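Below, each chain spelled out in residue letters.
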Amino acid sequence: MAAAPPTTSEKWSSDSHQYLAVEYDDTFLVYFRPSGETHFLNFLSYGMVHAVSSGPLSEEEILARMRTDFSLTAEELPETLVATTLSELDQAGLITALDAGT
Amino acid sequence: MTEKPIVPDTSDSESETSEDSRIAERRQLLMLGAAGLPMMLTLKASAQQALVSQLTCSITLPKRVRILVDCDGRAWVGTRNIQYKNGKGFKVADIVKFKDKATYAFPAGDVPNYWLPDNCPIEECSNDDDDDDDDFDYETASAELDDLMRTSLPSQADGIALASIRMGDDDDDDDCDEDWIDSGYAFYKLSKNSTILPVDHTSGTGWSPQANKQGLFIALSLVYESRHGDAPGWPGISCIVSIINYFGTQN
């Protein structure tokens with residue numbers, strides 16, 4: 001039986017035309033058109049959505065981007081927190097997983 | 001001792017402090033996140049939104065849909081195609097087959113006026129099976145003869161035409177072709193997997209089918225529902241019924 005492809009090759013993407021975002025004091029109110037739901041995102045979760053809106057990124061790339069953009073150390077922004085947040089954003093439909101190579 | 005006035009600090013150090021403060025808050029937030037605090041919250045749909053969600057259903061056609069409409073507002077719904085040629089019209093044999101194989105047939109008056117054919121009534125060729133001359137149209141022949149007489153010198157071809165008029169032969173000047181028909185029918189095509197959003201054909205309080213082929217599908221869906229309820233068979237009928245029920249709760 002073939003092994004499942006490693007999740008690390010998975011890239012994430014988001015279509016900025018599908019949502020409206022307004023910032024209030026480092027918190028972002030995001031209205032997602034397809035679901036009609038509104039989400040409260042903090043700087044990290046919105047930063048991740050925003051990052052993948054300009055082009056697909058892998059989990060590792062998102063992690064590196066967030067640490068750079070927000071001047072955070074590996075200790076301050078652990079890999080697990082990014083993975084968990086990706087999962088939450090995926091569940092809300094705000095980001096979409098793409099297969100490797102797409 | 002005089003109290004020192006509080007003077008707002010407009011120096012760069014304030015913005016630096018503000019930025020430092022923001023970074024500190026972010027770090028604290030991340031610590032909470034690492035401890036399990038969600039990084040996002042979702043506002044759940046309200047009861048009103050749940051109700052209106054009945055309007056958001058869509059219909060995806062599992063097969064292509066073809067709808068043939070005649071001048072009396074009859075409709076036949078199927079999947080076959082009907083050949084059409086510019087200048088000739090629809091192939092009569094295809095129309096006959098389409099009607100014969102139609103999945104649904106709607107009686108006269110079921111199709112709203114907008115979707116009726118432009119060219120009505122049906123102009124059918126006369127069948128001359130009795131070998132008499134009753135298909136000779138004296139008025140047409142006379143008019144054609146007048147046209148020929150107005151020309152200076154009729155050519156040989158004109159003479160042949162004149163002869164054919166006299167003999168009552170069908171010279172096709174009347175465009176009558178028993179195999180093709182260019183009036184009396186309109187044919188609408190909806191592709192397989194095409195999506196129809198019934199809510200686009202409502203006015204908020206009732207149905208208002210748009211003036212397009214999707215609107216015709218909705219109009220026929222409503223006729224189907226009025227006769228068969230939500231009985232399966234018509235694509236997307238449950239979606240139509242859910243919206244009808246929604247309107248029922250509003251009125």
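If you're wondering where the values come from, they're calculated on a predicted model, not measured in any experiment. (Residues numbered from 1 in each chain as written. Chains lettered and ligands numbered in written order. Predicted model: local features only at pLDDT ≥ 70, side-chain atom pairs only at ≥ 80, totals over all residues. Heavy atoms only, no water.)

**Topic: the overall build of chain B**
The helix and strand tally for chain B stands at seven helices and 10 strands. Among the 251 residues that make up chain B, the fraction classed as buried is 30%. (Helix = DSSP H or I, 4+ residues; strand = E, 2+ residues; numbered from the N terminus. Buried < 20%, exposed > 50% of the residue type's maximum accessible area, 1.4 Å probe, protein only.)

**Section: the pairing of strand β3 (residues 65-70) of chain B**
Residues and elements named next belong to chain B. When you tally the buried positions in β3, you get six out of six residues, the bulk of the element. As paired elements, β3 and strand β9 (residues 185-190) share six bridges and run antiparallel to each other. Each bridged residue has a counterpart across the sheet, and for L68 the counterpart in β9 is F187. Where β3 lies against strand β4 (residues 75-78), four bridges are found, and the strand directions are antiparallel. Considered in β4, the bridge of L68 is made with W76. Linking two consecutive strands that pair antiparallel, namely β3 and β4, is a turn of four residues; a positive phi of about 85° is found at G73 within it. (Pairing = 2+ DSSP bridges.)

**A few points about the state of the cysteines**
All names here are of chain B. What the rule picks out here adds up to two disulfides over all chains. A sulfur-sulfur separation of 2.0 Å characterises the disulfide bridge that pairs C71 with C120. Taking the torsion about the sulfur-sulfur bond, which here is approximately -95°, the covalent link between C71 and C120 counts as left-handed. With C71 in the loop between β3 and β4 and C120 in the loop between β7 (104-106) and α4 (138-150), the pair connects residues that are 49 residues apart, well separated along the chain. With relative accessibility at 18%, the residue C71 sits in the buried group. (Disulfide = S-S within 2.5 Å.)

**Considerations on the sheet that holds strand β5 (residues 57-58) of chain A**
All names here are of chain A. Strand order in this open sheet of three strands is β5-β1-β6, and the pairing throughout is antiparallel. The sheet is open, and its two borders are formed by β5 and β6 (96-98), each paired with just one other strand. Where strand β1 (residues 11-13) meets β6, three bridges bridge the pair, whose relative direction is antiparallel. Bridge assignment links S13 to a residue of β6, and that residue is T96.

**Focus: the interface of chain B and chain A**
Listed by partner, the interface residues are 14 residues for chain B and 24 residues for chain A. When the two sides are added together, the surface that chain B and chain A hide from each other amounts to roughly 1700 Å², 59% of it contributed by carbon and sulfur. Its largest share of buried area at the contact with chain A, chain B owes to B:L30, B:M39 and B:M40, together 38% of the area lost on that side. Our enumeration of links across chain B and chain A arrives at three salt bridges. As a salt-bridge pair, A:E76 and B:R27 come within 2.6 Å of each other at their nearest N and O atoms. Here chain B and chain A share seven residue pairs in polar contact (both at pLDDT 80 or more) between them. Going through the elements one at a time, α1 (12-34) and β1 (40-43) of chain B are the ones with two or more residues in the side of chain B that touches chain A. Examining the composition of the side of chain B that touches chain A, we find that seven residues originate from one element, α1(B), more than from any other. Classifying every residue of the side of chain B that touches chain A by side-chain character gives eight nonpolar, three polar and three charged. Where strand β4 (residues 37-42) of chain A lies against β1(B), four bridges are found, and the strand directions are antiparallel. (Contact = heavy atoms within 4.5 Å. Buried area = accessible area lost by both parts, 1.4 Å probe. Salt bridge = Lys/Arg side-chain N within 4 Å of Asp/Glu carboxyl O. Polar contact = N/O pair within 3.5 Å; in protein donor to acceptor, adjacent residues only side chain to side chain. Nonpolar A, V, L, I, M, F, W, Y, C, P; charged D, E, K, R; others polar.)

**Side note on the side chain of B:D110**
All names here are of chain B. Relative to the assigned elements, D110 resides in the loop between β7 and α4. Owing to a relative accessible area of 11%, D110 belongs among the buried residues under this scheme. Those residues in contact with D110 that sit more than four places away from it in its chain are G73, V223 and R227.

**Examining the pattern of salt bridges**
Throughout the structure, instances matching the rule amount to seven salt bridges over all chains. Between B:R227 and B:D110 there is a salt bridge, with its nearest N and O atoms 2.7 Å apart. One end of the pair, B:R227, is in helix α6 (residues 213-228); the other, B:D110, is in the loop between β7 and α4, and 117 residues separate them in sequence. The exposure class of B:R227 is partly exposed, given its relative accessible area of 46%. Several salt bridges share partner residues, and in doing so they unite A:D26, B:R22 and B:R26 into one network.

**Some points on the packing of aromatic side chains**
Here the distance between the centres and the angle between the planes together describe a pair of aromatic rings. Inspection of the entire model under this criterion finds 11 aromatic pairs over all chains. Here A:F43 and A:F70 contribute two aromatic rings whose centre-to-centre distance is 4.9 Å and whose plane-to-plane angle is 85°, an arrangement assigned as edge-to-face. Of this pair, A:F43 sits in helix α1 (residues 43-53) while A:F70 is found in the loop between α2 (59-69) and α3 (79-92), placing the two residues 27 residues apart along the sequence. By relative accessible area, A:F43 is classed as buried at 2%. Ring centres of B:F106 and B:W234 lie 5.7 Å apart, and the angle between their planes is 90°; on these two criteria the pair is classed as edge-to-face. (Phe/Tyr/Trp six-rings, centres within 6.5 Å; stacked < 30°, edge-to-face > 60°.)

**Some remarks on α1(A)**
Most of α1(A) sits inside the fold, with 10 of its 11 residues counted as buried. With its phi angle positive at about 160°, A:G55 sits one or two positions after the end of α1(A).

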